[in-house]
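A look at the structure
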Amino acid sequence: MLHEVSFTSYNERDQVQGWIYVPACQPNGIVQLIHGFGEHSRRYIHMISAFLDAGYIVAADDHVGHGKTAMVNNVWGDWGDKGCHTMMEDEHTLKKIVCEKYPNLPYFLFGHSMGSFITRDFIAKYGNELNGATICGTTGIFRGAKEVKEKLKEIIDAGHGEESDPNIVSSLMGWMCERCGEVQIGNEWICHDPYVQKDHAQDPFDAFTRPTSNRSIYDFIQMMLVIEGTQWAKKVPTKLPIYNIAGDQDPVGEYGLGVCQVSNWLVETGHHVTTKLYSGYRHEIHNYAEIKNEVEAGIIEFMNSNL
């Protein structure tokens, strides 16, 4: 069964488009899948199918400025003016919709990349509502983010928040192919597989190759800053199990160092966290043909163990 849902975003402007995939069996629980920057939730169809086969209802949406939500509202790369918690609050709205339809089931989050930032923001505010959370391809202290934020603040204060400065985006992310050898597309950091790179770059539902407003990039940086350090980790319920996974050649996680940094913040504040680094793999570990089944099986095992 498939439910298509639509709801008003926290930004009070857009109608967020979402889906609830239901297996043809008695469900074990629910997992809400939260996609990353510039992409959309149907890039995870293999993972969604694996979760369904394991007996989980899967909920997912396309963030404001992304995917079908951007198409329906005719707004690409602009996330509104309500700040860095917009997408997190939208995910909480989706959770409420799902729980109204399917109450009293164990509930998990899976968030990749920016989706992991949203997940970490979510569990700091609403963690008591969950049975567990998987963060995939997350960041510790993102290189250069604070410096770019200061430049953006000046640009936005000068009245250019709704414009897009490609030099700003380059300053923030332009270094991320530093270990990728010859660069042709600019997204080689996501995966070694040229087909995955091409599919990502040419996907008409992807916003990655479209301009993102200066204000939204500022909010993107703020999303990373509000989940830094033990001051963030202290807000997360200590009883919430967390599974932290990434590739050790992922620049978002500083090649494993930032991933472990996040786990250490959690451990230092009394949390139970399991950390797994996939050696030799870049950002999208779930899109490597040789390990995606293993990645999905690990997430399912984590959820099954915390039902």
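Just so it is clear, the model here is predicted, and its values are computed rather than measured.

1. A look at the nonpolar core
Phe51, Phe220 and Trp232 are the most contacted members of the largest nonpolar core, which has 93 residues in total. In contact with phenylalanine 51, other than residues within four places in its own chain, are Val31, Leu33, Tyr56, Val58, Glu296, Ile299, Ile300 and Met303.

2. What about the packing of helix 5 (residues 145–157) against helix 6 (residues 166–173)?
For the pair helix 5 and helix 6, the least separation of the axes is 9 Å and the interaxial angle reads 165°. Viewed along their axes, helix 5 and helix 6 adopt a mutual orientation that is roughly antiparallel. Classified by chirality, the crossing of helix 6 by helix 5 is left-handed. Of the residues in helix 6, those touching helix 5 at Ala145, Val148, Lys151, Leu152 and Ile155 are Ile168, Ser171 and Leu172. Each residue belonging to the contact of helix 5 with helix 6 can be placed in one class, and the counts come to 6 nonpolar, 1 polar and 1 charged.

3. Considerations on the side chain of histidine 271
Positionally, histidine 271 belongs in the loop between helix 10 (257–268) and strand 8 (273–278). Take histidine 271: its relative accessible area is 8%, and that puts it in the buried class. Polar side-chain contacts of histidine 271 include one of 3.2 Å to the backbone oxygen of alanine 233. A distance of 2.9 Å separates the side chain of histidine 271 from the side chain of threonine 269, its partner in a polar contact.

4. What to know about the sheet that holds strand 3 (residues 29–34)
Taken in spatial order, the 8 strands of this open sheet run 1-2-4-3-5-6-7-8, and their pairing is mixed. Only two strands of the sheet have a single partner each, and these edge strands are strand 1 (2–8) and strand 8. Between one strand and the next, the sheet's axes are offset by a mean angle of 15°, whatever the strand orientation. For strand 5 (residues 107–112) and strand 6 (residues 132–136), the ladder comprises 5 bridges, and the chain directions are parallel. Within strand 6, the residue paired with leucine 109 across the bridge is alanine 133. Against the sheet, helix 10 engages strand 6, strand 7 (242–247) and strand 8, with an angle of about 170° to strand 8. The strands touched by helix 11 (residues 292–304) are strand 3, strand 4 (56–62), strand 5, strand 6, strand 7 and strand 8; relative to strand 7, the strand with the most contacts, the crossing angle is about 170°.

5. Topic: the environment of threonine 212
Inspection of the secondary structure puts threonine 212 in the loop between helix 7 (194–202) and helix 8 (214–225). Residues threonine 212 and glutamate 163, spaced 49 residues apart in sequence, show a C-alpha to C-alpha distance of 8.2 Å. Contact partners of threonine 212, with chain neighbours within four places excluded, come to Phe37, Gly77, Trp79, Glu163, Ser164 and Ile217.

6. Description of the packing of helix 6 against helix 8
In the contact formed by helix 6 and helix 8, the axes pass within 10 Å of each other and the chain directions differ by 20°. Taken together, helix 6 and helix 8 sit at an angle that is classed as roughly parallel. Seen along the crossing, helix 6 lies across helix 8 with a hand that is left-handed. Where helix 6 approaches helix 8, its residues Ile168, Val169, Leu172 and Met173 are matched on the opposing element by Ile217, Phe220 and Ile221. Counted by class, the contact of helix 6 with helix 8 contains 7 nonpolar, no polar and no charged residues.

7. Brief notes about the pairing of strand 7
Among the 6 residues in strand 7, 6 count as buried, and that is most of the element. Burial along strand 7 is two-sided: the residues Ile242, Asn244 and Ala246 and Tyr243, Ile245 and Gly247 are all buried. Sheet analysis places strand 6 next to strand 7, joined by 4 bridges and oriented parallel. Looking at strand 7, one finds that threonine 134 is bridged to tyrosine 243. Judged from the 6 bridges that link them, strand 7 and strand 8 form a sheet pairing that is parallel. Residue tyrosine 243 lies in a different strand from strand 8, and its bridge partner there is threonine 274. With helix 10 bridging strand 7 and the parallel strand 8, this β-α-β connection has right-handed handedness.

8. A look at the packing of aromatic side chains
Enumeration over the complete set of coordinates arrives at 10 aromatic pairs. Both rings, one in phenylalanine 37 and one in phenylalanine 220, keep their centres 4.9 Å apart while their planes meet at 40°; by these two values the pair is tilted. Of this pair, phenylalanine 37 sits in the loop between strand 3 and helix 1 (45–53) while phenylalanine 220 sits in helix 8, placing them 183 residues apart in sequence. Classification of phenylalanine 220 by relative accessible area gives buried; the value is 5%. Note on phenylalanine 117 and phenylalanine 220: the rings are 6.0 Å apart at their centroids and 35° apart in plane angle, and the pair reads as tilted. Of the two residues, phenylalanine 117 is situated in helix 4 (residues 114–126) and phenylalanine 220 in helix 8; the sequence distance between them amounts to 103 residues. Pairwise contacts between aromatic rings join Phe37, Trp79, Phe117 and Phe220 into one cluster. Its guanidinium or amino end placed over the ring of phenylalanine 205, arginine 42 lies 4.9 Å from that ring's centre, counting from NZ or CZ.

9. So, the pairing of strand 4
Along any regular strand, the residues point their side chains to alternate faces of the sheet. Most of strand 4 is tucked away, with 7 of its 7 residues classed as buried. Neither face of strand 4 is open: one carries Tyr56, Val58, Ala60 and Asp62, the other Ile57, Ala59 and Asp61, and all of them are buried. Across 5 bridges, the pairing between strand 2 (residues 15–21) and strand 4 is antiparallel. Paired with glycine 18 across the bridge in strand 4 is aspartate 61. Two elements, strand 3 and strand 4, share 5 bridges in a ladder whose sense is parallel. Each bridged residue has a counterpart across the sheet, and for isoleucine 30 the counterpart in strand 4 is isoleucine 57. Running through helix 1, the crossover from strand 3 to the neighbouring parallel element strand 4 is right-handed.

Scoring rules and cut-offs
Residues numbered from 1 in each chain as written. Predicted model: local features only at pLDDT ≥ 70, side-chain atom pairs only at ≥ 80, totals over all residues. Heavy atoms only, no water. Core = buried A, V, L, I, M, F, W, Y, C linked by side-chain atoms within 4.5 Å. Buried < 20%, exposed > 50% of the residue type's maximum accessible area, 1.4 Å probe, protein only. Contact = heavy atoms within 4.5 Å. Axes fitted to C-alpha atoms, helices over the stretch in contact; angles between N-to-C directions. Helix = DSSP H or I, 4+ residues; strand = E, 2+ residues; numbered from the N terminus. Parallel < 35°, antiparallel > 145°, perpendicular 65-115°, else oblique. Left-handed = near helix turned anticlockwise from the far one by under 90°. Nonpolar A, V, L, I, M, F, W, Y, C, P; charged D, E, K, R; others polar. Polar contact = N/O pair within 3.5 Å; in protein donor to acceptor, adjacent residues only side chain to side chain. Pairing = 2+ DSSP bridges. Right-handed = clockwise from strand over helix to strand, strands pointing away. Phe/Tyr/Trp six-rings, centres within 6.5 Å; stacked < 30°, edge-to-face > 60°. Lys NZ or Arg CZ within 6 Å of the ring centre and 35° of its normal.

The values reported here are purely geometric and, on their own, carry no functional implication.
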